[in-house]
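Architecture and fold: a report
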Amino acid sequence: MMKATESFVPTAEKGRVVTIAERESAILPAEKIRSVDLRASFGATEVLKGITLPILERQVTAIIGPSGCGKSTFVRCLNRMHETAHRATVAGRVLLDGRDIYRAGIDPVAIRRRVGMVFQKPNPFPTMSIAENVLAGLSLTGERIPHRMELVEKALRQAALWDEVKDILPRSGASLSGGQQQRLCIARALALDPEVLLMDEPCSALDPIATARIEELIHELGDHVTIVIVTHNMQQAGRVADHTAFLYMGELVEYGPTDRVFTRPAEQRTEDYITGRFG
Amino acid sequence: MAADTHETRTANRGDLVFQRLIVVGAVVMVVLLAAIALELTRESRLSLSASGVRFLGSTAWDPVKELFGGLPFIYGTLVSSFLALLVAVPVSLGVAIFLVELAPSWLRGPVGFMVELLAALPSVVYGLWGIFVLVPWLRGGVEPALARSLGFLPFFSGPSQGFGMLAGGLVLSIMILPTIASVSREVLRAVPNWLREGALALGTTRWEMIRGTVLPFARSGIIGAVILGLGRALGETMAVTMVIGNRPKIAASLFAPGYTMASVIANEYTEATGDLHLSALAEIGLLLFAVTLALNALARLLVWRVSRVAVQGSRR
Ligand SMILES: Nc1ncnc2c1ncn2[C@@H]1O[C@H](COP(=O)(O)OP(=O)(O)OP(=O)(O)O)[C@@H](O)[C@H]1O
Ligand SMILES: [Mg+2]
């Protein structure tokens, strides 16, 4: 994907001297999402206290931090799921392709179409078959699905689940193992062809083998989807993420390339957390 | 170590006592039910041997001539209960969905409380309301209007009488509405939140989420709620007796008076003179008992099934 950006620069700027600064900013991936002074509350309790954070396009961004620091709340603000909780409110802005998804007149339903989500606990629909689960996003909204089986196969292949379920597609989605269910949920999100995929601790209920499969999957998807992954597992963040953000008590403490954050953290609190001195 | 054994033993004894109590309770229930069924059968022996199965198909009910046919009552009970379901099911499901999924939280408590209050009102109060409000309203406005617009249908033909099958069905529908609404509300509340979040995160509207995931998940529980409501409608006596007209005739028109199984037992038992008359009433009672029992068993089964699916779905 770096190549795509690079080849774009010379043609666009043909016949002109390109400054180093310009070249650098062009090579850097575009910002898919930026939260600006994002504040989120449950009733009177503010749990996100003004977070400004870029999410780069077609990169994997990990959100780390101790339990209760607001990681889930943060990602749920990125697709307007936060407000579906009881007494939950949001202030500040979230720019998706530069446009605020919280501005008046925006339909949250349309945002959730573009920004898919995978939850910590696998949640396939138990009343639907495996194939129906994959197509649920389309069928629930009453959309016509012209090439059902092709779409089911494509999404399940993308989620690295096809070979395991291709002979049992009519079975209930709840009949699969936990790791398979989680990949089914990923397939369900991918079937909608989202621009961004939010994953809230997608591996916390899984064994190491299933976890490895999902990490592999994140690697592959990262080439064409923007991914935000919440994780408690430092090694996992190190393995899958291009960039890492460290949240602490509702505030952004540090953000940067994953290598840098893990090897040379700028903040003492980050170092304490990743070396396991607290949290 | 000693304390440990001691603790285990008392815990076990507590379990044992509890288990015994449950077994005793269950046995008492079964014995009671069997005793009622036996007694009803004994009481209706005379009628059973006099007319046998023909009792179910005969429309003649004339105690003076000692003619006893149960069909008008079976018909009246089934039609009035069916009418009640027709009106009550959509309304009470709407109320339940509104209370669990849509209502602002400050409204949920008061409306829920009112629904439960409706369920607690004695049925004679519904009967009085039927006599003073519903019947005049049907006779003076609704029935003539129905006859004018839909009079070509046999159900809406004939003179407007107020007291009749329509009044009985409507009073019943209002009585079973809170039952169905509050049981379905509990069923919907038991639907786990991860199901709703899963659907919303796919970009469904609230209604698409409810229709496509919540209701299918709760389906058998809701059917159970409806059957519980039906059970109440089948057995309801006082309110129906007060408005249905109490005439043992089968008429196509819903405006015409009818009679139900429960009503005829309540009305005629104290005044019945002949043994055969008493026995025929007992046979109607036996029939009502069997139908209600079967429906309640079915309802339990369905509610049990939905809760089992819920447990399976959340175990991962
Ligand atoms: N539904 C809710 N109502 C009220 N407060 C909530 C609710 N959900 C979360 N909170 C609070 O908001 C804060 C942030 O929660 P959040 O779930 O975002 O944390 P998290 O970083 O994802 O934690 P974890 O790693 O344990 O998942 C916590 O202090 C929590 O107590
Ligand atoms: Mg969380």
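Residues numbered from 1 in each chain as written. Chains lettered and ligands numbered in written order. Predicted model: local features only at pLDDT ≥ 70, side-chain atom pairs only at ≥ 80, totals over all residues. Heavy atoms only, no water.

Helix and strand counts for chain B come out as 12 helices and two strands. With the C-alpha coordinates aligned to their principal axes, the bounding extent of chain B is approximately 80 × 55 × 30 Å. Accessible area for chain B stands at about 16,100 Å²; split by element, carbon and sulfur atoms hold 70% of it. Charged side chains of chain B number 24 positive and 18 negative; the gap between the two group centres comes to 8 Å. (Helix = DSSP H or I, 4+ residues; strand = E, 2+ residues; numbered from the N terminus. Areas by Shrake-Rupley, 256 points an atom, 1.4 Å probe, with all protein chains shown as cover. Lys, Arg positive; Asp, Glu negative; His and termini not counted. Charge placed at Lys NZ, Arg CZ, Asp CG, Glu CD.)

Turning next to the sheet that holds strand β6 (residues 115-118) of chain A. All names here are of chain A. Strands sit in the order β6-β7-β8-β3-β9-β10 across an open sheet of six strands; the sheet is mixed. Edge strands, defined here as strands with exactly one partner in the open sheet, are β6 and β10 (251-257). Sheet twist, expressed as the mean angle between neighbouring strand axes with direction ignored, is 15 degrees. Relative to strand β8 (residues 226-230), strand β3 (residues 60-64) runs parallel, the two sharing four bridges. From the neighbouring strand, Ala62 faces β8, where its bridge partner is Ile229. Taken strand by strand, helix α8 (residues 178-190) contacts β6 and β7 (196-200), and its axis lies near 170 degrees from that of β6. (Pairing = 2+ DSSP bridges. Axes fitted to C-alpha atoms, helices over the stretch in contact; angles between N-to-C directions. Contact = heavy atoms within 4.5 Å.)

Attention shifts here to the domain arrangement of chain B. Residues and elements named next belong to chain B. If you check the domain split of chain B, you get domain 1 (1-43) and domain 2 (55-315). Every contact between the two is made by six residues of domain 1 and, on the other side, seven residues of domain 2. Around 540 Å² of area is buried between domain 1 and domain 2 when both sides are counted, 78% of it from carbon and sulfur atoms. Three residues, Leu33, Leu40 and Glu43, lead the burial of domain 1 against domain 2; their summed loss comes to 76% of the area buried on that side. (Domains from an automatic or database assignment. Buried area = accessible area lost by both parts, 1.4 Å probe.)

Here we take up the pattern of salt bridges. All names here are of chain A. Scanning all chains against the criterion turns up 23 salt bridges over all chains. In this structure, the salt-bridge partner of Arg239 is Glu215, at a minimum N-O distance of 2.6 Å. One end of the pair, Arg239, is in helix α10 (residues 234-240); the other, Glu215, is in helix α9 (residues 208-221), and 24 residues separate them in sequence. Arg239 sits in the partly exposed class, given a relative accessible area of 44%. On the accessibility criterion, Glu215 (8% relative accessible area) is buried. Taken together, the salt bridges that share partners define one network made up of Lys32, Asp97, Arg114 and Glu195. (Salt bridge = Lys/Arg side-chain N within 4 Å of Asp/Glu carboxyl O. Buried < 20%, exposed > 50% of the residue type's maximum accessible area, 1.4 Å probe, protein only.)

All names here are of chain A. All residues adjacent to ligand 1 are Phe42, Val47, Ser67, Gly68, Cys69, Gly70, Lys71, Ser72, Thr73, Glu201 and His232. Here an oxygen atom of ligand 1 sits 2.5 Å away from a polar atom, N or O, in the side chain of Thr73. One of the side-chain nitrogen or oxygen atoms of His232 is found 2.6 Å away from an oxygen atom of ligand 1. Look at ligand 1: alone it shows 640 Å² of surface, and the protein chains cover 58% of it. Split into classes, the residues belonging to the shell around ligand 1 amount to three nonpolar, six polar and two charged. (Near = heavy atom within 4 Å. Polar contact = N/O pair within 3.5 Å; in protein donor to acceptor, adjacent residues only side chain to side chain. Nonpolar A, V, L, I, M, F, W, Y, C, P; charged D, E, K, R; others polar.)

With that settled, consider the interface of chain A and chain B. Chain A puts 25 residues into the contact, and the matching count from chain B is 20 residues. Our enumeration of links across chain A and chain B arrives at one salt bridge. Between Arg76(A) and Glu197(B) there is a salt bridge whose closest N-O contact spans 2.8 Å. The tally of links from chain A across to chain B stands at three residue pairs in polar contact (both at pLDDT 80 or more). Mapped onto the side of chain A that touches chain B, the elements with two or more residues apiece are α4 (108-114), α5 (130-140) and α8 of chain A. Here the residues of the side of chain A that touches chain B sort into 13 nonpolar, seven polar and five charged.

Moving on: the environment of Val230(A). Among the secondary structure elements, Val230(A) is positioned in strand β8. As a C-alpha pair, Val230(A) and Pro202(A) span 28 residues in sequence and 7.8 Å in three-dimensional space.

Right, let's get into the packing of aromatic side chains. Using the criterion set out here, one finds seven aromatic pairs over all chains in the structure. Between Trp61(B) and Phe68(B), the aromatic rings sit 5.1 Å apart at their centres with planes inclined by 75 degrees, giving edge-to-face as the arrangement. The same class applies to Trp61(B) and to Phe68(B), which are both buried. The interplanar angle of 40 degrees and the centroid separation of 6.2 Å between the aromatic rings of Phe156(B) and Phe255(B) together place this pair among those described as tilted. Within this pair, whereas Phe156(B) is found in the loop between α6 (123-150) and α7 (165-189), its partner Phe255(B) is found in the loop between α10 (238-243) and α11 (261-268), the two being separated by 99 residues in sequence. Under the relative-accessibility criterion, Phe156(B) is labelled buried at 14%. Note on Phe255(B): relative accessible area 0%, which makes it buried. Taken together, the ring pairs connect Trp61(B), Phe68(B), Phe73(B) and Tyr259(B) into an aromatic cluster. Above the plane of the ring of Phe125(A) lies Arg188(A), whose end atom (NZ or CZ) is 4.4 Å from the centre. (Phe/Tyr/Trp six-rings, centres within 6.5 Å; stacked < 30°, edge-to-face > 60°. Lys NZ or Arg CZ within 6 Å of the ring centre and 35° of its normal.)

Let us now look at the environment of Ala145(B). Structurally, the position occupied by Ala145(B) is in helix α6. Note: C-alpha distance between Ala145(B) and Gly130(B) (15 residues apart in sequence) is 19 Å.

With 98 residues, the main nonpolar core has Ile63(A), Phe74(A), Leu156(A), Ile186(A) and Leu197(A) as its most contacted residues. Among the elements that take part in this core, α5(A) stands out by supplying seven residues, more than any other. In contact with Leu197(A), other than residues within four places in its own chain, are Gly116(A), Met117(A), Val118(A), Ala189(A), Leu190(A), Leu221(A), Val225(A), Thr226(A), Ile227(A) and Val228(A). Core analysis: the next-biggest nonpolar cluster, separate from the first, contains 38 residues, Leu166(B), Leu172(B), Ala225(B) and Phe255(B) among them. (Core = buried A, V, L, I, M, F, W, Y, C linked by side-chain atoms within 4.5 Å.)

Attention now goes to the packing of α8(A) against α9(A). Residue and element names in this part refer to chain A. Packing of α8 against α9 leaves a shortest axis separation of 9 Å and a crossing angle of 20 degrees. When the axis of α8 is compared with that of α9, the two are roughly parallel. The hand of the α8/α9 crossing is right-handed. Note on element contacts: α9 touches α8 through Ala210, Arg213, Ile214, Leu217 and Leu221, opposite Gly179, Gln182, Arg183, Ile186 and Leu190. Tallied by class, the residues present in the contact of α8 with α9 amount to six nonpolar, two polar and two charged. (Parallel < 35°, antiparallel > 145°, perpendicular 65-115°, else oblique. Left-handed = near helix turned anticlockwise from the far one by under 90°.)

What follows concerns the sheet that holds strand β2 (residues 45-56) of chain A. Residues and elements named next belong to chain A. On the basis of which strands lie adjacent, the open sheet formed by four strands has the order β2-β1-β4-β5 and antiparallel pairing. Among the strands making up the open sheet, the edge pair consists of β2 and β5 (99-100). Pairing of strand β4 (residues 88-96) with β5, which is carried by two bridges, proceeds in the antiparallel orientation. The residue bridging Leu96 from the neighbouring strand is Arg99, located in β5.

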